[in-house]
Amino acid sequence: MTSQPTLTKAGNGPEGPEPGGPDAGLQAGLKNRHLSMIAIGGVIGAGLFVGSSSGIATAGPGILLSYALVGTMVVLVMRMLGEMSAANPTSGSFSAHADRALGRWAGFSIGWLYWFFWVVVLAIEATAGAVILESWIPAVPQWGWALIVMIVLTATNLVSVGSYGEFEFWFAGIKVVAIGAFIVIGGLAVFGVLPGVDSDSAGLGNLTDHGGFLPNGPGAILTGILLVVFSFMGSEIATLAAGESENPQRAVTKSTNSIIWRIGVFYLGSIFVVVTLLPWDSEAIQKDGSYVAALNSLGIPNAGEIMKFIVLTSVLSCLNSGLYTASRMAFSLGQRGDAPKAFARTTGRGVPRTAILASVAFGFVAVFFNYEFPDSVFLFLVNSSGAVALFVWLVICLSQLRMRKIIERETPEKLVVRMWLYPYLTYATIALIVFVLGYMLTDTEHDGRKTVLLSLLVAAVVVGIALVLEKVRRGKAELPEQREAPDAKL
């Protein structure tokens, strides 16, 4: 069985290590309000604000079906993860579950791939935030803003898990309020009941009046899936963070049960408002971005600057959570002996300092590559980590198939969250993920093929390292037996 991290309430030492001393383990420093907002905010990525315009241009109003299909897939995957995490809450989440269900090689591989994905995201988000900040204060160069943002959020994570939770509470809160207000105001305008706004372009007719609901044909739905699937990454963060709460099982159960309405409201709701406020082929959507164009159509002043602030908040939220997530995965790998032992050490405040610093160090290197070699080294890092989200979801599905039987056999009382129609929906989700990966191999227009092939290459290297290490460990374990054999004959 995979060991769980030592958890203590903030300010109280466990039996064993001295209270507040080094290596006291992770601390239960996240409050219920932190976890609630982390769960909600984890679904709303910056990709929703920035990348939705290309999806709308590709699939037209049919992009709603693309979001609905991916959203359904994510709901099913998170239900499986919730089942395993509620029964065994741990900072390693799906990596720890894969370790136990599929083998140590699987936990090692998916853990390191996930870590790799998030440290590359650190560079992407730091750069995106720096672009916005430089547009406001050009006196500071872009690389300077990226450095400032990374240092500030690293310091936040180093203080305590509570400080991470507090920052994320406010970052996510701003996103939630902003997108909630957008849906309400936009919805009122669509139905012609918003006071003071007379938008001739708004109306449900936009769903069918410009070439039909699927102006580019049914195949565009699949292409739309490729463009939106990665904006859902982050839904699983709540299961990692739950391990540092006072009631992990309750936190996992709550976040799992609320995933449906979160995706339904924030993704489908907001995209529905965009494609009904404006025709899908409006030049403004491509020129200004879908949300800015929608706000401009309502005559809201400074819509572009408002959206810049919201996107910056989303970027900082993603950066903050990315550093937290990468460090906790590194901590879990260290605990299981799949990373340097130093990664599993914590400060008196329960912070895995070495894991955080190692993660942000790679993030700084990636930022450097982004500025010095954007079209070579950094492009390789982005493409080679691009399909990791789908790999993670696939491993969660495969792990759940095995873990359900293990839990039912050993601790059936811990099955407080159950996957629907097990195992049929699990198999259906696996088939859908494999189909998406296969379809990406046919996509040359949006670099889908390159992303899958490079990600598979990196995954093959990591799995190869895992298998070699496992063979070495077995060899070392057999040596003592070989030494004892001659003595046995005597």
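Since the structure is predicted, the reported quantities are computational estimates derived from the model, not experimental observations.

Reading the values: the criteria
- Residues numbered from 1 in each chain as written.
- Predicted model: local features only at pLDDT ≥ 70, side-chain atom pairs only at ≥ 80, totals over all residues.
- Heavy atoms only, no water.
- Helix = DSSP H or I, 4+ residues; strand = E, 2+ residues; numbered from the N terminus.
- Rg over C-alpha atoms; globule rule 2.2 N^0.38 Å.
- Buried < 20%, exposed > 50% of the residue type's maximum accessible area, 1.4 Å probe, protein only.
- Areas by Shrake-Rupley, 256 points an atom, 1.4 Å probe, with all protein chains shown as cover.
- Lys, Arg positive; Asp, Glu negative; His and termini not counted.
- Charge placed at Lys NZ, Arg CZ, Asp CG, Glu CD.
- Patch = residues over 30% accessible without salt bridge, like charges linked within 9 Å, V, L, I, M, F, W, Y side chains within 5 Å.
- Salt bridge = Lys/Arg side-chain N within 4 Å of Asp/Glu carboxyl O.
- Polar contact = N/O pair within 3.5 Å; in protein donor to acceptor, adjacent residues only side chain to side chain.
- Phe/Tyr/Trp six-rings, centres within 6.5 Å; stacked < 30°, edge-to-face > 60°.
- Axes fitted to C-alpha atoms, helices over the stretch in contact; angles between N-to-C directions.
- Parallel < 35°, antiparallel > 145°, perpendicular 65-115°, else oblique.
- Contact = heavy atoms within 4.5 Å.
- Nonpolar A, V, L, I, M, F, W, Y, C, P; charged D, E, K, R; others polar.
- pLDDT = per-residue confidence, 0-100.
- Left-handed = near helix turned anticlockwise from the far one by under 90°.

## A look at the overall build of the chain
In terms of regular secondary structure, the chain is built from 19 helices and two strands. Here the C-alpha radius of gyration of the chain, 23 Å, is about what a compact globule of 490 residues would show, namely 23 Å. Across the 490 residues of the chain, 56% fall into the buried class. As presented, the chain carries roughly 20200 Å² of accessible surface, and 64% of it is formed by carbon and sulfur atoms. When the 32 positive and 33 negative side-chain charges of the chain are each reduced to one mean point, those points stand 10 Å apart.

## A word on a nonpolar patch on the surface
A cluster of nonpolar side chains, V184, L188, F191, V193 and L204, forms an exposed patch at the surface whose accessible area comes to about 460 Å². Considering the arrangement of structural elements, one finds L188 in helix α7 (residues 161–190).

## Some thoughts on the side chain of S163
Along the chain, S163 falls in helix α7. Take S163: its relative accessible area is 15%, and that puts it in the buried class. A distance of 2.7 Å separates a polar atom in the side chain of S163 from the backbone oxygen of S160.

## Points about the packing of aromatic side chains
To describe a pair of aromatic rings, you give the distance between the ring centres and the angle between the ring planes. Within this structure, the stated rule accounts for 18 aromatic pairs. Between Y114 and W118 the ring centres are 6.2 Å apart and the planes differ by 80 degrees, which places this aromatic pair in the edge-to-face class. You can see Y114 and its partner W118 sitting in helix α5 (residues 104–136), four residues apart, about one turn around the helix. In this structure Y114 comes out as buried when scored by relative accessible area, which is 0%. Classification of W118 as buried rests on a relative accessible area of 3%. Among the aromatic residues, those joined into a cluster by ring pairs are F94, Y114, F117 and W118.

## Details of the packing of helix α6 (residues 142–159) against helix α15 (residues 353–372)
The contact between α6 and α15 brings their axes to 11 Å, and the two run at 170 degrees. Relative to α15, the element α6 is oriented roughly antiparallel. Residues Q142, W143, A146, L147, M150, I151, T154, N157 and L158 of α6 lie in contact with α15, whose contacting residues are R353, I356, L357, V360, G363, F364, V367 and Y371. Partitioned by chemical class, the residues of the contact of α6 with α15 number 12 nonpolar, four polar and one charged.

## So, the environment of V50
Inspection of the secondary structure assignment puts V50 in helix α2 (residues 46–59). Looking at V50, the relative accessible area reads 54%, which means it is exposed. Distance from V50 to Y291, taken between C-alpha atoms, is 8.5 Å for residues 241 residues apart in sequence.

## Thoughts on the confidence of the model for the chain
Per-residue confidence for the chain gives a mean pLDDT of 85; residues scoring 70 or more make up 91%. The model gives residues 1–6 a pLDDT under 50, and that stretch makes 21 contacts with residues more than four places away or in other chains. Long-range and interchain partners of residues 8–23, a stretch whose pLDDT sits below 50, account for 26 contacts in this model, where long-range means more than four residues apart.

## Regarding the packing of helix α14 (residues 303–335) against α15
α15 packs onto α14 with a crossing angle of 125 degrees between their chain directions and a minimal axis gap of 8 Å. Here α15 runs oblique to α14, going by the angle between their axes. Considering how the two elements wind past one another, α14 and α15 form a crossing that is right-handed. Where α14 approaches α15, its residues L323, A326, S327, R328, A330 and F331 are matched on the opposing element by A355, I356, S359 and V360. In terms of residue class, the contact of α14 with α15 is made up of seven nonpolar, two polar and one charged.

## Description of the environment of Q249
By the element assignment, Q249 lies in helix α10 (residues 248–257). With 108 residues separating them along the chain, Q249 and L357 place their C-alpha atoms 29 Å apart. Here the side chain of Q249 touches A86 through a polar contact of 3.3 Å, landing on its backbone oxygen.

## Concerning unusual backbone geometry
Going from Y422 to P423, the amide bond is cis rather than trans, its omega being 0 degrees. Mapping P423 onto the fold places it in the loop between α17 (388–410) and α18 (424–440). In this structure, S93 is a non-glycine residue whose phi angle is positive, near 45 degrees. With respect to the secondary-structure elements, S93 resides in helix α4 (residues 93–101). The residue L421 is not glycine, and still its phi comes out positive at about 50 degrees. Within the fold, L421 resides in the loop between α17 and α18. Accessibility expressed as a relative area gives 61% for L421, which makes it exposed.

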